[in-house]
Amino acid sequence: MDRWVYQFGDGRAEGAANMRELLGGKGANLAEMCSLGLPVPPGFTVTTDVCTYYYDNEKTFPDTLKNQVEDALAAISELTKRRFGDDGNPLLMSVRSGARSSMPGMMDTVLNLGLNDNSVETIAKQSGDARFAYDSYRRFIQMYSDVVMGLDHHAFEDILETFKHRAGYVLDTDLTAEDWKQIVVDYKRLVETELEIPFPQDPFDQLWGGIGAVFQSWMAPRAITYRAINNIPADWGTAVNVQAMVFGNMGASSATGVAFTRNPSTGENTLYGEFLINAQGEDVVAGIRTPQNLTEAARVAADSDKPSLESEMPEAFAQFQAICDQLEKHYSDMQDLEFTIEEGKLWMLQTRSGKRTTKAALRIATDMASEGLITRQEAVMRIDPAALDQLLHPTIDPSAIRDIVAKGLPASPGAASGEIVFTSDDAQEAKAQGGRVILVRVETSPEDIHGMHAAEGILTARGGMTSHAAVVARGMGKPCVSGASAIRIDMRNETLSVAGKNFNKGDVITVDGTSGQVLDGEVAMLQPELSEDFATLMEWADETRTMTVRTNAETPADARMALSFGAEGIGLCRTEHMFFDGDRIMAMREMILADDASGRRAALDKLLPMQRADFTELFDIMRGTPVTIRLLDPPLHEFLPQSEADMEDVAKALDLPVQKIRARTTALHEFNPMLGHRGCRLAVSYPEIADMQARAIFEAAIAAAQKTGAPVTPEIMVPLVSIKPEFDLIKTRIDAVAQMVMKENNRSIAYQVGTMVELPRAALQAGKIAESAEFFSFGTNDLTQTTFGISRDDASAFLGAYTTQGLMDQDPFVSLDQDGVGELVRMGAQRGRATRADIKLGICGEHGGDPASINFCQSIGLDYVSCSPYRVPIARLAAAQSALGKSS
């Protein structure tokens, strides 16, 4: 018989931490904590296999699941001395999701399940606290009606807020038992009025409704969006965890909280988190009440007058601190924990590896390696290479004038300016139109995931450091200020008011997630400096990796930036980018408009000193490292004016009839320029262009070597080669120019001539081409286009539908298509090496900065990857992880 349920409780568990795929992260870790002897409420996990079955079988459950659930409930009853469904001695349950990869707030939870009109009276009598019982019941009605029955939670909040207003109450804790009883009546009436069915009273109906709702939430829009952003496969599914309830809302000796064993924003080795007295778990993350600090040190630092858990409940705090230390050592990682204290007794509800900023991740990894908890290689493997982008977010210039209008909590570091929007849909729309916005909300919810992803930063009026907004923003690397309680948000009129100032939708503000400040207007920013932890980890990564990391750069600024990030050469210098400035573009147009080769050479003579100076400066900056220079690639029409006014300006500047410019522009027009007269085809038709560029390269190499004393070995790359004869023709001219320059300067030059493999035919014929070519650089941008027959400029119109419908896992222009394009790269590499064993092999498309693509490059033995300057750190780390055996 298939097994669908795994039990845990009283120090024993049928699961373990290594069963994440089956039990999900939460279930596996609950079982592990239980086996460690920690205080965990007994329960059971319904496996991810049930989720798969549920969606494969028209949202039904396996026939044998019911009996297994009933057996698990009986086991919990034995441990708790309470029975589920028994109104005279009720066992209440929580139902929570638990995917194998943490998805905070993305799926549904139901607490206090099992309460009804009869059992609530029993709970009131047994606890001696009717207020607690009816508070729990109203929470259950609201949560269950929202999650399972589809009745929006705002309708319940309206009832509660109206009641509080009429009674003169401020906080939920001001309500009495009789108040909560009336709220329960009002809530049940709302359900029956809106849904035309009474609120369910049968605990077993409630339980199956809750389990089904968790599985349903796996395919909720917010969960789908989160998975897409974080590359989590839909077929993983979620588990469901059902546990005996423990109550943090049983009075002043009860509490609930969330904690991290280290600071998730900075990585500092200190307990970090928040709690609330007389509350349930959702109160802490929902931002309904402002939480309190766990430690005295944190309370003092926050200048809070509310007592810390350390001072309020010292025994429970000491036990919790010891458990935090135990779990961090056990898992060898920073932990994110949830706990409840019920009348002084501590219960652990969750542990998982905590989400953290990249800055924090670097410090935690290097600190733990120094502490001996993990090895240096493990530290290298701990950092997501793509997340290094977070380190490059701007911060506010210290010399900038700060017009501070509000102060909140520094929930996620970094700073951003943008126009105010009040809805996630508006944020997404503005982003699509190229706008930069700050999403302003009273509090965020999982439904805001798309708006948070689109926004530059997030500002909320409510919520703490572990609220939804804070956790999700940190994971995304977005600056966030939460709990800015002084601001007043009018969602209907789309205004924000604070300190006598009013801001409307479209007004510009700045959020500083590092200080918690909200500023009026746009503020000057500084690029961040990389930390010592970054330098340390990258040093460890460099000790491990075997592939070289180069950069794609043609400007001095890009080259210097790439060097500062650790680039070990230039893998692609696009020479055409050098021709678009001022005098250069005019000389280029003069060359294109010339009637014969002599006229073209005359124009190229004007470009020669400019190109030579460009290359000299690049060689000087990159001294001693390889520089690969690609000959002119784009079709010539790209350099000509397109509008009538521009044509007239060029005609005047070159003293030519405008009709000639029109005629030349028309003559150069191509229906498919990407497959047209470009690349090496230009050098075949107009060899004088390649001659000029080769001369500029060789003369620059000599000049730079004389200036710096460092050897210069230029690598000249011929683009878009498809047949060996065209490469041989061009290489012969390059070699001839080299001999002339060496003779003229009485100096020898070491150089290589190779090709960019960017056409399927070149990959197939790589063995023959390698007879002449000394290196291959796989240009996977064009190779992807020509393999798929897709223009990357137009692909966005339809590739989204392919990924959404599961036809493609990812956009092949973002991450290399390893089965198709990758197979051509593998074939080209193998055939090239079979002919020339020492041929140098690299990749220089956008894929050179994509971790999964880098892993593929490692697997086929490429010598280097080349990427944009700001992706060099990502490539260095990804290359190290690939060398350590991390799979894509």
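Since the structure is predicted, the reported quantities are computational estimates derived from the model, not experimental observations.

Cut-offs and rules
- Residues numbered from 1 in each chain as written.
- Predicted model: local features only at pLDDT ≥ 70, side-chain atom pairs only at ≥ 80, totals over all residues.
- Heavy atoms only, no water.
- Core = buried A, V, L, I, M, F, W, Y, C linked by side-chain atoms within 4.5 Å.
- Buried < 20%, exposed > 50% of the residue type's maximum accessible area, 1.4 Å probe, protein only.
- Helix = DSSP H or I, 4+ residues; strand = E, 2+ residues; numbered from the N terminus.
- Contact = heavy atoms within 4.5 Å.
- Axes fitted to C-alpha atoms, helices over the stretch in contact; angles between N-to-C directions.
- Parallel < 35°, antiparallel > 145°, perpendicular 65-115°, else oblique.
- Left-handed = near helix turned anticlockwise from the far one by under 90°.
- Nonpolar A, V, L, I, M, F, W, Y, C, P; charged D, E, K, R; others polar.

Asker: How should the nonpolar core be read in this particular structure?
Answerer: If you look at the biggest cluster of nonpolar residues, it comprises 100 residues, and the most contacted ones within it are F619, F698 and F776. Broken down by element, this core gets its largest block of residues, 12 residues, from helix 26 (residues 687-708). Those residues in contact with F776 that sit more than four places away from it in its chain are T755, V757, A766, I769, A770, G828, G832, I839, K840, L841, G842 and Y864. I123, I183, A430 and M476 belong to the second largest nonpolar core, which has 82 residues in total.

Asker: Help me out: how do you make sense of the environment of V120 in this one?
Answerer: You can see V120 is positioned in helix 4 (residues 119-127). Taking C-alpha positions, V120 is 6.8 Å from Y137, a pair spaced 17 residues apart along the chain. Aside from chain neighbours lying at most four places away, what touches V120 is L115, A133, Y134 and Y137.

Asker: What is the right way to look at unusual backbone geometry in this model?
Answerer: Although it is not a glycine, S332 sits at a positive phi angle of roughly 55°. By the secondary structure assignment, S332 is in the loop between helix 13 (314-331) and strand 10 (335-342). On the basis of relative accessibility, which here comes to 18%, the residue S332 falls in the buried class. One non-glycine residue with positive phi stands out, namely D655, at about 55°. On the secondary structure map, D655 appears in the loop between helix 23 (644-654) and helix 24 (658-668). What makes D655 exposed here is its relative accessible area of 69%.

Asker: Where do I start with the packing of helix 33 (residues 851-859) against helix 34 (residues 872-883) in this structure?
Answerer: Angle between the axes and distance between the axes are the two parameters that describe a pair of packed helices. At a closest axis distance of 9 Å, the pairing of helix 33 and helix 34 adopts a crossing angle of 50°. One finds that helix 33 runs oblique with respect to helix 34. Two packed elements cross with a definite hand, and for helix 33 against helix 34 that hand is right-handed. Contacts from P851, I854, N855 and Q858 in helix 33 reach I874, A875, A878, A879, S882 and A883 in helix 34. Residues of the contact of helix 33 with helix 34, tallied by class, amount to 7 nonpolar, 3 polar and no charged.

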